[in-house]
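Remarks on the overall topology
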Amino acid sequence: MTARIYRGDGEHREWEMPLAPPWRQFEGEPVICGPGDDDWDSGHPNHLERARTYRPQEREIELINVAMMLRRPLLITGQPGTGKSTLAYAVAHELQLGPVLRWPITSRTTLQDGLYRYDAIARLQDSNLAKRNDEGAGESAGIGRYIQLGPLGTALLPYERPRVLLIDEVDKSDVDLPNDLLNVLEEGEFRIPELVRIAEAIEEVQIGVEDSRNPVPIRHGRVRCRAFPIVVMTSNGERDFPPAFLRRCLRLEVAEPDVQRVADIVRAHLGDDALVASADIIELFLQRRTGGELATDQLLNAIFVTLHADTTHADDRRHLADLILRHLSVAY
């Protein structure tokens, strides 16, 4: 049995990363002390709520621990609304690893979008302004102000403890992105060409990161991890992935929650009273789910609305539930 670092109970405890395989050990420098659980983004309180109320299944717990041991990404496939992305928030909260670094994928997403952004136009404008004002700034001075690491690049910084990276809906990407990810995730590092070119003159540059106002030092233009990030990639199963990509991932298929898990989810989010008072709404959800796609968050929305609506009449409650519990392919 794999040593259980993540247990899925949401309880904070002391823990240590298991020994990595010899072929998955990284030694990035300089070591950075990452954020803790108190650093969750106050602008997104729903992230913390999702983490606290998530109820993982046994197989999810097992595979997260195996992924941490092997330093490999976890690819989670399942229908929308089955909690694929929420697992990342639950892991980050329980292990006190700070805010989740989320990278939402679209058909236009490229690898560099996740690694870093370089604002060459802003740098040129500032350089021209400095010349007009007779300010003799050097060519390479202040370049770090125009470079910011993206979520993937931030996750690969040499943190003492791993960050949690959520690559959301990777199946929506261009066909090239999974292959482009292979080398970065395999090597645990990447280079920033704009900094490599000036490395002889300026060995260390401070640049911005995804989720902090404090810049971090980058040496010789290279970003290399120390603790390989906990990478959770989600897919709705809309496309197939290259064998080489799949071979480097641990894969998990998330099924729709059964009756007991549905009850646990409602209880966690809304309490025992809501679970008892909404038995008819839950039954309606389970009946309709067999005929098409329904997401669990639709059930929670339906229960919340019917509990707080200005009516107790059964027909009115059923009408409100009907408005929300529609199959994902059905428009209003």
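Described in the following lines is the structure provided in the data block. For clarity, every value in this text was computed on a predicted model and none was experimentally measured. (Residues numbered from 1 in each chain as written. Predicted model: local features only at pLDDT ≥ 70, side-chain atom pairs only at ≥ 80, totals over all residues. Heavy atoms only, no water.)

**Some thoughts on helix H3 (residues 86-94)**
- The element H3 is largely enclosed, with a buried count of 9 among its 9 residues.
- Looking only at H3, the buried set comprises Thr-86, Leu-87, Ala-88, Tyr-89, Ala-90, Val-91, Ala-92, His-93 and Glu-94.
- Just past H3, the residue Gln-96 takes up positive phi, approximately 60°. (Buried < 20%, exposed > 50% of the residue type's maximum accessible area, 1.4 Å probe, protein only. Helix = DSSP H or I, 4+ residues; strand = E, 2+ residues; numbered from the N terminus.)

**What about the pairing of strand E2 (residues 101-104)?**
- Here E2 shows a buried face lined by Leu-101 and Trp-103 and an unburied face lined by Arg-102 and Pro-104.
- Examined bridge by bridge, E2 and strand E5 (residues 164-168) share 4 bridges and lie parallel to one another. When the sheet's bridge partners are listed, Pro-104 is paired in E5 with Asp-168. (Pairing = 2+ DSSP bridges.)

**Let's talk about the state of the cysteines**
- For the coordinates displayed, the defined rule picks out 0 disulfides.
- For Cys-33, which is in no disulfide, the shortest distance to another cysteine sulfur is to Cys-225 and amounts to 17 Å.
- Cys-249 takes part in no disulfide bond, and the closest cysteine sulfur to it belongs to Cys-225, at a distance of 16 Å.
- For Cys-249, a relative accessible area of 10% corresponds to the buried category. (Disulfide = S-S within 2.5 Å.)

**Thoughts on the packing of aromatic side chains**
- The full count for this structure, using the stated rule, is 2 aromatic pairs.
- Seen from their ring centres, Phe-241 and Phe-245 are 5.3 Å apart, and the 40° between their planes marks the pair as tilted.
- Classification of Phe-241 by relative accessible area gives buried; the value is 11%.
- Taking the relative accessible area as the measure of exposure, Phe-245 reaches 1% and is therefore buried.
- Arg-161 extends its terminal NZ or CZ atom over the ring of Trp-15, reaching a point 4.1 Å from the ring centre.
- For the cation-ring pair, Arg-163 lies above Tyr-159, with the distance from its terminal atom to the ring centre recorded as 5.3 Å. (Phe/Tyr/Trp six-rings, centres within 6.5 Å; stacked < 30°, edge-to-face > 60°. Lys NZ or Arg CZ within 6 Å of the ring centre and 35° of its normal.)

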